[in-house]
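Observations on the model geometry
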Amino acid sequence: MKVCGLILLFSSLALTKNVPPEMVDIWNSLVDPFVGSCASEFNIDNEIARNFFRLGQLPNDRPFHCFLRCLYENLHFLTPQGDFDYDMVVTKAHYMPPHLAEKCISETKAIMDICGKSYVGAKCAIDSLV
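About the thresholds
- Residues numbered from 1 in each chain as written.
- Predicted model: local features only at pLDDT ≥ 70, side-chain atom pairs only at ≥ 80, totals over all residues.
- Heavy atoms only, no water.
- Disulfide = S-S within 2.5 Å.
- Helix = DSSP H or I, 4+ residues; strand = E, 2+ residues; numbered from the N terminus.
- Buried < 20%, exposed > 50% of the residue type's maximum accessible area, 1.4 Å probe, protein only.
- Contact = heavy atoms within 4.5 Å.
- Axes fitted to C-alpha atoms, helices over the stretch in contact; angles between N-to-C directions.
- Parallel < 35°, antiparallel > 145°, perpendicular 65-115°, else oblique.
- Left-handed = near helix turned anticlockwise from the far one by under 90°.
- Nonpolar A, V, L, I, M, F, W, Y, C, P; charged D, E, K, R; others polar.
- Core = buried A, V, L, I, M, F, W, Y, C linked by side-chain atoms within 4.5 Å.
- Bend = angle between axes of the 7 residues up to and from the residue.
- Phe/Tyr/Trp six-rings, centres within 6.5 Å; stacked < 30°, edge-to-face > 60°.

Each disulfide consists of one covalent bond between the sulfur atoms belonging to two cysteines. Inspection of every chain in the model, using the stated rule, returns three disulfides. The side chain of Cys-38 participates in a disulfide bridge whose partner is Cys-70; the two sulfur atoms lie 2.0 Å from each other. Looking down the S-S bond of the Cys-38 and Cys-70 bridge, the torsion is -75°, so its handedness is left-handed. Placement of Cys-38 in helix α2 (residues 21–41) and of Cys-70 in helix α4 (residues 62–74) is noted, with a sequence separation of 32 residues between them. Summarising the burial analysis for this pair, Cys-38 and Cys-70 share the class buried. When the bonded cysteines of the protein chain are numbered from the N-terminus onward, they pair as 1-3, 2-5, 4-6.

Glancing now at the side chain of Ser-118. Of note, Ser-118 is situated in helix α7 (residues 114–129). Ser-118 has contacts with His-65, Leu-68, Arg-69, Tyr-72, Leu-78 and Phe-84, leaving out every residue within four places of it along the chain.

This part covers the packing of α2 against α4. Packing of α2 against α4 brings their axes to within 9 Å, and their N-to-C directions diverge by 130°. Regarding the angle of α2 to α4, the classification is oblique. For the pair α2 and α4, the sense of crossing is right-handed. Counting all contacts with α2, which are made through Trp-27, Val-31, Phe-34, Val-35, Cys-38, Ala-39 and Glu-41, the residues of α4 involved are Phe-67, Arg-69, Cys-70, Leu-71, Tyr-72 and Asn-74. Tallied by class, the residues present in the contact of α2 with α4 amount to ten nonpolar, one polar and two charged.

One finds Trp-27, Phe-52, Phe-53, Phe-67 and Leu-68 to be the most contacted residues of the largest nonpolar core, which totals 41 residues. Looking at this core, the element that brings in the most residues is α2, giving eight residues. Those residues in contact with Phe-53 that sit more than four places away from it in its chain are Val-19, Met-23, Val-24, Trp-27, Tyr-95, Ile-126 and Leu-129.

Take α2 next. Along its length, α2 shows its largest kink, about 65°, at Val-31, and proline Pro-33 lies within four residues downstream of that point. All buried positions along α2 are accounted for by Met-23, Val-24, Trp-27, Leu-30, Val-31, Val-35, Cys-38 and Ala-39. Buried residues along α2 sit in contact with α3 (46–55), α4, α5 (86–92) and α7. One or two steps after α2, the chain reaches Asn-43, where phi turns positive at roughly 60°.

Let us look at unusual backbone geometry. Even without a glycine there, the phi angle at Asn-43 is positive, about 60°. Given the relative accessible area of 72%, Asn-43 is considered exposed.

Attention now moves to the packing of aromatic side chains. Here the structure, examined in full by the defined rule, presents nine aromatic pairs. Aromatic rings pair up to connect Trp-27, Phe-52, Phe-53, Phe-64, Phe-67, Tyr-72, Phe-77, Phe-84 and Tyr-95 into one cluster.

Moving on to α3. Looking at α3, one finds that the buried residues are Ala-49, Asn-51, Phe-52 and Phe-53. Buried-residue contacts for α3 involve α2, α4 and α7. Positioned one or two residues after α3, Gly-56 has a phi angle of 70°, which is positive.

Now the structure itself:
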């Protein structure tokens, strides 16, 4: 039984992708005013809402996708038309290299659903940063 517990522990640690702490600090300072209200609006667990970036774990479900959209709208990362604003992203999220911002924004161009676009952009960024 202890062996099974250790296997589960090590496998969950292997799946966790920790974003560097200095990037997490910048992200947290940006989203802190909005994370609570966005999490509440889409019924996202507070622990998930506050730690997904640090842990690199993004739930792949509609409420979480829309939670991300809420954050991005409040940060003005999304234009009123629902496209990512490159200048706003690289200015505010200055931990993100410009080439990475271009790559991730490009990956979202054909996605019409703004919640889905938000998830794809976030997943691209986190996967590229860890």
